[in-house]
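Descriptive structure summary
Letter by letter, the chains look like this.
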Amino acid sequence: MLNKIIGSLLLAATALAPVSSIAGPVEIKFSHVVAENTPKGLMAEKFKELVEERLPGKVKVSVYPNSQLFNDNKVLEAMLLGDVQMAAPSLSKFQSFTKKLQVFDLPFLFRDIDAVDRFQQSETGQELLGSLKKRGLVGLGYLHNGMKQLSSNEAIVTPEQISGKKFRIMTSDVLQAQFEQVDAIPLKKPFSEVFTLLQTRAIDGQENTWSNTYSKKFYEVQPYITASNHGVLDYMVVTSAEFWMTLPDDLRTEIKRAMDDAIAYGNDISKKKADEDRKLIADSGVTQIIDLTDAQRQAWVDAMKPVWKKFERQIGKDVIQAAAKASE
């Protein structure tokens, strides 16, 4: 069904040429799944502010947080149908569109968020941003959330201690392989269900950034967080090729400039919030944060690195090497 939708929309986008004017204000519905006070939520609001300030009466932006319209599993299909114009799904959500973006899910590939940023701004990273065009989507930029940590019902320090435990993951073959590599049980569940799953102990833990763990109160129902920095949770802001290419040139240029500025704003907030939200969680006294020593972290690297090889053919050895180089 989705392939048919993509095919028909690509034909439509090819037939349509940019027009010089559009009757009435252009409406942009921006759908996302997280809270308004997260880096993504704040970025979306900044985008709305900048667009409506720079293009008064010409463009109207409506932001829908907390999965009010669609979750990340449905939003891309909805975008291709024209029900939303912008979204910022996690990079894991694009694996059905291109396998190359799976590079961002590989465990312990990036040392920190600065390494992620260096790779995304590199020639290879920018090429990946354009890898969705043949599937009817236009990548507008990368947005950071932060490095991922492990929260759990029991203290986890070594890879052996995660064996047999159930962890929620996003829909991602790489993340599934990551947990299976250390004999844990990955369960693909919507983000909106995570708190309840943790609260009822239907799962043993989850992986997420400090921002999401704090804003969604996961720490209140998880007594331990292992500060593993084992992966990155980033997003790609996307729109449909059909919508983007039918915008007048002047509007498209100004909207893209506003998006670039909003993403820079969001990424700056993301880096600050990682430290701030970690401190808020620590100060709550509800959750114990476990910091790994270099030797303990290396044990995790050694245990999970074989996942890189498993996906080398799908992602491309050159892409993985370019990403790894950003941490040197």
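The structure displayed is predicted, hence computed values, not measured ones. (Residues numbered from 1 in each chain as written. Predicted model: local features only at pLDDT ≥ 70, side-chain atom pairs only at ≥ 80, totals over all residues. Heavy atoms only, no water.)

So, on to the confidence of the model for the protein chain. Residue-level pLDDT values for the protein chain average 92, and 93% of them are 70 or greater. Note that residues 9-22 has pLDDT below 50 and, in this model, 27 contacts with residues that lie over four places away or in other chains. (pLDDT = per-residue confidence, 0-100. Contact = heavy atoms within 4.5 Å.)

Over the atoms a probe the size of a water molecule is rolled, and this reveals where empty space is left. In the structure shown here, the tally under the stated rule is 3 cavities of 30 Å³ or more. Taken as a whole, the largest cavity encloses approximately 200 Å³ of empty space. In terms of lining, the largest cavity is formed by 22 residues, of which the most central are Val 33, Asp 72, Arg 168, Met 170 and Phe 191. Counting only elements with at least two residues in the lining of the largest cavity, the list comes to strand S5 (166-169), strand S7 (205-208) and strand S8 (224-240). Taken together, the residues of the lining of the largest cavity break down into 8 nonpolar, 7 polar and 7 charged. (1 Å grid on protein atoms, 1.4 Å probe; cavity = no way out; pocket = protein on both sides within 12 Å on 5 of 7 lines; lining within 4 Å. Points joined across faces, edges and corners; volume = space filled by probe spheres on them. Helix = DSSP H or I, 4+ residues; strand = E, 2+ residues; numbered from the N terminus. Nonpolar A, V, L, I, M, F, W, Y, C, P; charged D, E, K, R; others polar.)

Because the α-helix completes a turn every 3.6 residues, residues three or four places apart line up on one side. Listed as buried for helix H11 (residues 294-304) are Arg 297, Trp 300, Val 301 and Met 304. Down the axis of H11, the buried side of the element spans an arc of 100 degrees, and every buried residue falls inside it. Facing away from the buried side of H11, by more than 90 degrees, are the exposed residues Ala 295 and Asp 302. Structurally, H11 contributes buried residues whose contacts are with strand S4 (137-152), helix H6 (173-180), S8 and helix H12 (306-310). (Buried < 20%, exposed > 50% of the residue type's maximum accessible area, 1.4 Å probe, protein only. Arc of directions from axis to C-beta.)

Let us now look at the environment of Trp 244. Relative to the assigned elements, Trp 244 resides in helix H9 (residues 241-245). On a C-alpha basis, the gap between Trp 244 and Ile 290 in space is 45 Å, while along the polypeptide they are 46 residues apart. Contact partners of Trp 244, with chain neighbours within four places excluded, come to Met 86, Val 138, Leu 140, Thr 239, Arg 252, Ile 255 and Lys 256.

Mapped onto the secondary structure, Thr 98 falls in the loop between strand S3 (86-87) and helix H4 (113-121). Classification of Thr 98 as buried rests on a relative accessible area of 11%. At a separation of 3.3 Å, a polar atom in the side chain of Thr 98 contacts the main-chain amide nitrogen of Lys 100. In this structure Thr 98 touches Ser 131 and Leu 132, once residues within four positions along its chain are discounted. (Polar contact = N/O pair within 3.5 Å; in protein donor to acceptor, adjacent residues only side chain to side chain.)

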